[in-house]
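Examination of the molecular architecture
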Amino acid sequence: AAILIGMSYSNGRNIVIMDDDLQHSPYDILKLYKKCTEGYDVCYGKFSNKKQHLWKRTGSRINGLVASLLGEKSFDLYLSPFKIIKSSITKNILSSSNFSAYVDALILAETSKITQIPLPHHERYSGKGNFNFYRSFKVFLDHILYYMPSAYSVIRLVGFFSVMVSSCIG
């Protein structure tokens, strides 16, 4: 919700979303912007060597897999927290949003002109992250709930299949 509210106050032609711990370098914003000028609405930074705990990297992979299976994300797209978005896309997102949805899912629903570029991921500048396992799991659950219509379909299909198999075995 905080990101969506921040987007509502921005008035530039492009909006950058990034973490505040300097693991994403402000110097890389220009690289994201240049890639967007090639005809893309959104450009994500893709990090090959993330400077995070194993549980956080694993959770990120699971989150990406869920978005690919239940949503509109291709398997090769990394939904990075470091991205640049054209303001026309953010305006459309804000006009249709209830300020409680998963931002990347809103982006994926709004445009297919999405790309990513490789960028370095840096060590945290200072301090300690406040995103513990519990908060990360809550974000994962919010993500699942956002895709609930698809999730319900999968759950119904698995349930139906389980009943059929159980009946045959019985």
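Criteria and cut-off values
Residues numbered from 1 in each chain as written. Predicted model: local features only at pLDDT ≥ 70, side-chain atom pairs only at ≥ 80, totals over all residues. Heavy atoms only, no water. Helix = DSSP H or I, 4+ residues; strand = E, 2+ residues; numbered from the N terminus. Buried < 20%, exposed > 50% of the residue type's maximum accessible area, 1.4 Å probe, protein only. Contact = heavy atoms within 4.5 Å. Areas by Shrake-Rupley, 256 points an atom, 1.4 Å probe, with all protein chains shown as cover.

1. Section: the overall build of the protein
Helix and strand content of the protein: seven helices and four strands. The helix and strand sequence of the protein, counted from the amino end, reads α-β-α-β-α-β-α-α-β-α-α. Per-residue burial for the protein yields a buried fraction of 34% across its 170 residues. Excluding contacts between residues fewer than 6 apart, the proportion of contacts in the protein whose partners are at least 24 apart in sequence is 81%. Put simply, the protein shows about 10800 Å² of open surface, and 60% of that area lies on carbon and sulfur atoms.

2. Quick look at the side chain of His-24
By the element assignment, His-24 lies in the loop between β1 (14-17) and α2 (29-36). Overall, the relative accessible area of 1% leaves His-24 in the buried class. Apart from the residues lying within four places of it in its own chain, the contact partners of His-24 are Met-18, Asp-19, Phe-47, Pro-81, Phe-82 and His-121.

3. Remarks on the environment of Leu-22
Looking at the element boundaries, Leu-22 is found in the loop between β1 and α2. Using a relative accessible area of 37% as the deciding quantity, one classes Leu-22 as partly exposed.

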